[in-house]
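Breakdown of the fold
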Amino acid sequence: MVSGGGFLRRAGSTMAGHRRQPSIELLEFMGVVRENGNEQSSLPPVHTPLSYDYVLVAKTIDDRERSAFKKQVEYIDELKKKNFKVTKIIDDDLVFYGIQAPKEIFEKYRYLLKVSDACNWSSDQNIVPLSTRIRIVHFIINHTYTRNGENLRDLMKANVFEARFCLHEKRKQRELKENWARWTACLQGQPITAVRNYFGEKVALYYLWLGWYTYLLIPPAFIGIIVFLYGLSFFSTSPLIKEVCEADTVMCPLCDHGCKVWHLSDICTYAKVSLLFDNNGTVLFAMFMAVWATLFLEFWKRHRASFVCEWKVSDWCEEEEELILEIVTNANCQPKPFKHSYLRSTLVLICVTFMIMVIIGLTHALVVFRVIAAGFLAKESGDFLSSHSNSGAMMLGAVLHYIIITVMSRVNRIVAMKLCEIEETRSFAATEKSFTVKMFTFQFFTYFSSLFYVAFFLGRINGHPGEYVRIAGKWRLEECHPSGCLTDLFIQMTIIMVLKQTISNVFEFTGPWFCRFWKRRRIQKLQRKCAHCYLKDEAEAKEGTELCDNCKLRNWHSNYRLNDVDSFSLFHEFLEMVIQFSFTTIFVAAFPLAPLLALINNVIEIRLDAIKMVTLERRIVPKKTNDIGVWIDILEAIGVLAVIANGLVIGVSSDFIPRLVYQYRYGHCANGTATDIDCMVGYVNNSLSVAQLDDKSNAFSPNQTIPIDGLNVTTCSYKDYRNKDYSFKPQFWLILAVRFAFVILFEHVIVICKFIAAWFVPSAPMQVKNDRLFDKLNRLKEELRSFEV
């Protein structure tokens with residue numbers, strides 16, 4: 001029975017008590033013809049581990065004159081010309097198209113790989129793996145065009161098709177779930193080869209890199225705990241804490257309205273906290289982390305090389321494979337030439353610069369918000385809010401920063417995609433690389449602009465009593481936390497890392513789980529109806545066998561109700577981990593426990609991503625590759641930036657250099673004589689300057705000069721190295737010179753250590769290099785023997 005579009009319809013039967021059984025429309029597009037009722041095939045049978053390679057889903061259209069229906073039929077006709085086998089199943093308001101490619105496509109693909117220069121096919125592979133089949137079919141389907149020049153992407157934008165996906169294999173999915181994608185396997189190893197066979201090399205290398213990163217986080221996490229405990233051990237013996245906690249020094253107000261003079265002893269608790277990460281051990285830990293970043297990347301290259309050699313993809317080239325797939329799709333295709341437009345590049349550069357300026361502008365908005373919030377909290381009647389207005393404003397600013405990060409992440413993705421369209425890149429590999437660089441750049445500035453301000457500008461451009469810097473001449477610029485500028489950076493990093501890792505992980509898991517749960521409820525009747533069907537075990541299915549109609553629909557529905565994935569799904573996982581790597585290395589001097597938090601998060605992240613990918617999401621299209629791509633260059637750039645940032649944090653932001661100068665130049669040990677007094681006694685008073693409250697130039701209101709205990713004071717202290725006339729002391733210039741000298745020395749020493757470490761560790765084990773050498777030799781000998789024959 002022939003219906004619209006030339007489909008062969010086989011009517012479904014009905015059963016009492018159930019809704020209509022799905023009708024089946026089968027298209028045999030493999031050269032199958034009928035002669036006298038007997039089928040004859042001009043092509044060899046196709047081995048199908050799964051019933052179908054790919055599934056398209058569309059809404060049911062009753063009106064066959066609608067343009068959407070005609071486009072569906074036209075697109076299917078184009079697949080018909082490529083000898084595809086398509087099975088159409090109508091189920092109420094959905095139409096499922098099961099697609100299976102003919103065998104000759106894979107034979108052409110295998111032959112072209114064999115003669116390729118950079119994508120040599122392994123001689124021991126006699127059949128095309130299923131993951132490769134899916135990748136080939138995905139490419140061909142997405143590069144099949146209608147007469148109007150519309151491909152599948154255009155048709156999905158026009159709502160002609162609703163979804164597209166490749167099918168999960170029940171048996172392998174169950175094996176991965178038992179051995180890998182479960183919470184009880186958090187402390188177990190990963191079956192990387194099994195992941196590669198199912199999801200492809202690209203996904204496998206992501207989990208291989210994440211597992212290696214997590215494994216190598218153990219040493220810095222352990223040393224970070226030691227540094228933390230080292231600072232903790234000075235709680236009862238440090239003269240710095242004793243001076244702060246026992247001081248009767250009156251400090252100047254921290255804001256204009258609502259803030260009063262306060263006692264230095266009020267920040268006793270914060271002084272203890274700041275000593276946990278602002279101590280001598282932090283310097284050594286920052287140096288260790290800078291070298292660790294280099295060693296991590298070098299050992300990763302060795303670790304990757306072992307698996308890449310085992311998988312026979314050492315010489316793989318993504319762009320060349322795309323060219324091969326284009327030839328397989330259309331033998332008469334013309335290659336897309338390389339081209340470069342200075343006009344487009346200039347336009348993209350201008351847009352990127354503008355976007356970065358917008359992100360930096362948001363950082364300035366955060367500064368204004370904190371200044372206004374500090375003034376508002378200081379006006380509150382409660383003594384606690386008034387005395388902790390700056391700390392409260394910093395915490396509120398950190399929360400707002402996280403909200404901005406969440407919003408800008410979506411904006412950055414849209415802008416990066418638009419810029420890639422302007423560039424008109426030649427291939428998907430080039431598009432992915434360009435998008436990765438732009439998106440990471442935007443995200444990096446979104447995350448770290450505020451942190452760079454807090455680390456290197458906060459409290460250094462705010463002026464002094466009588467001449468404070470004000471925003472719009474009204475709001476006084478905020479100062480560092482009374483216990484030190486590093487405390488503000490510590491608070492910012494703690495809030496952002498904790499919020500980012502906990503909230504992101506919660507939404508990352510509960511979002512897909514809830515979507516799957518909702519879709520299950522919507523198709524619950526179908527599950528009960530198909531319970532009487534026997535679901536054949538794929539492991540026992542013989543060549544050419546297929547599932548029954550109800551089980552096909554059940555399988556396709558179970559995949560359809562999962563959450564959608566796209567070509568950039570893995571990108572988001574990589575981006576999340578690389579941003580975390582940036583937090584772990586760039587400002588580790590201000591937060592030694594960052595590696596520990598990253599380690600704990602990654603142990604959970606590996607299983608969370610595995611569970612999500614295996615059970616909650618549709619099967620991602622397997623991609624073949626031999627590296628993590630441009631991410632390795634980004635990680636190396638972060639390693640260099642980490643050296644610069646940590647050197648500046650220790651030399652400029654922390655009190656390490658002022659303490660060092662005081663100890664050897666102004667303290668009790670300056671003359672070199674041994675005394676029973678600790679060398680750091682008197683440092684706190686030495687680091688303070690005095691301002692006269694009755695000086696009219698200071699512009700302090702009478703209410704601000706009355707401390708909480710009601711005593712009248714005539715002077716107040718502030719943290720700086722100034723004389724009574726507010727000119728800088730010679731000690732300030734000496735400290736500034738030592739700061740710059742330390743930063744230059746620190747960076748040069750660490751960079752030299754990084755180069756030595758990179759040179760000392762080979763990029764690939766010798767066994768891997770020897771195996772590749774002998775493989776190439778044997779392949780050349782085999783080619784020579786075939787030539788002589």
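Residues numbered from 1 in each chain as written. Predicted model: local features only at pLDDT ≥ 70, side-chain atom pairs only at ≥ 80, totals over all residues. Heavy atoms only, no water.

Focus: the state of the cysteines
Our working rule: Disulfides are defined as cysteine sulfur pairs within 2.5 Å. Working definition: helices are DSSP H or I runs of at least four residues, strands are E runs of at least two. Numbering for both runs from the N terminus. Each residue is placed in one exposure class: buried if its accessible area under a 1.4 Å probe, protein chains only, is under 20% of its type's maximum, exposed if it is over 50%, and partly exposed if it falls in between.
In this structure the tally under the stated criterion is two disulfides. There is a disulfide in this structure between Cys245 and Cys268, and the S-S distance comes to 1.8 Å. Taking the sign of the S-S torsion, about 80 degrees here, the bridge from Cys245 to Cys268 comes out right-handed. Linking Cys245 in helix H9 (residues 239–246) with Cys268 in helix H10 (residues 268–277), this pair joins segments that are 23 residues apart in sequence. Assessed through its relative accessible area of 25%, Cys245 is described here as partly exposed. Each disulfide pairs two cysteine sulfurs, and for Cys252 the partner residue is Cys716, the sulfurs being separated by 2.0 Å. Classification of the bridge connecting Cys252 and Cys716 rests on its S-S torsion, roughly 85 degrees, and on that basis the disulfide is right-handed. In this pair, Cys252 sits in the loop between strand S9 (250–251) and strand S10 (262–263) while Cys716 sits in strand S16 (residues 715–719), placing the two residues 464 residues apart along the sequence. With a relative accessible area of 1%, Cys716 lands in the buried category.

Details of the packing of aromatic side chains
Counted only if it meets this: Stacked, tilted and edge-to-face are the three classes applied to pairs of Phe, Tyr and Trp rings, where Trp contributes its six-membered ring and a pair requires centres within 6.5 Å; stacked means planes under 30 degrees apart, edge-to-face means over 60, and tilted covers the rest. Remark: a charge is flagged as sitting over a ring if the NZ atom of Lys or the CZ atom of Arg is within 6 Å of the ring centre and within 35 degrees of the ring normal.
Going through the model one piece at a time under the given rule, you end up with 40 aromatic pairs. Aromatic side chains Phe728 and Trp733 sit 5.6 Å apart centroid to centroid with 75 degrees between the ring planes, which places their arrangement in the edge-to-face category. Here the guanidinium or amino end of Lys624 rests over the ring plane of Trp316, the centre of that ring lying 5.2 Å away.

Re the pattern of salt bridges
The test is simple: Each salt bridge in this description consists of a side-chain nitrogen of Lys or Arg and a carboxyl oxygen of Asp or Glu lying within 4 Å of one another.
Applying the stated rule across the entire model yields 28 salt bridges. Of the charged contacts in the structure, one is a salt bridge between Glu162 and Lys59, with a shortest N-O distance of 3.5 Å. With Glu162 in the loop between helix H4 (152–157) and strand S8 (163–165) and Lys59 in strand S5 (residues 54–59), this pair connects stretches of sequence that are 103 residues apart. Through salt bridges with shared partners, one network takes in Lys59, Asp93 and Glu162.

Concerning H9
Residue pairs three or four apart in sequence face the same way in an α-helix, which turns once every 3.6 residues. We apply this condition: Whether two residues touch is decided by their heavy atoms; if any such pair falls within 4.5 Å, the residues are in contact.
For H9, the set of buried residues is Pro239, Leu240, Ile241, Glu243 and Val244. Buried residues in H9 make contact with H10, helix H23 (656–666) and helix H24 (683–686).

A few points about unusual backbone geometry
One non-glycine residue, Asn83, adopts positive backbone phi at about 65 degrees. Looking at the secondary structure, you find Asn83 in the loop between helix H1 (67–81) and strand S6 (85–91). One non-glycine residue, Lys312, lies in the positive phi region at around 60 degrees. Assignment of secondary structure puts Lys312 in the loop between helix H11 (280–310) and helix H12 (318–329).

Overview of the packing of H23 against helix H25 (residues 730–760)
For clarity, the threshold we go by: Note on geometry: axes are C-alpha line fits, over the in-contact stretch for helices, and angles between N-to-C directions span 0 to 180 degrees. Put simply, angles under 35 degrees are roughly parallel, angles over 145 are roughly antiparallel, angles from 65 to 115 are roughly perpendicular, and the rest are oblique. Crossing handedness is defined as follows: a turn of the near helix away from the far one that is anticlockwise and smaller than a right angle gives a left-handed crossing, while the clockwise case is right-handed. Amino acids are sorted into nonpolar (Ala, Val, Leu, Ile, Met, Phe, Trp, Tyr, Cys and Pro), charged (Asp, Glu, Lys and Arg) and polar (every other residue, Gly among them).
Relative to each other, H23 and H25 sit at 120 degrees, their axes nearing to 10 Å. Judged by the angle between their axes, H23 and H25 are oblique. Crossing hand, H23 versus H25: right-handed. Residues Phe656, Ile657, Pro658, Val661, Arg665 and Tyr666 of H23 touch H25, and the partners they reach there are Pro730, Gln731, Leu734, Ile735, Val738, Arg739 and Phe742. Across the contact of H23 with H25, the residue classes tally to ten nonpolar, one polar and two charged.

Everything listed here is a matter of geometry and, on its own, says nothing about what the molecule does.
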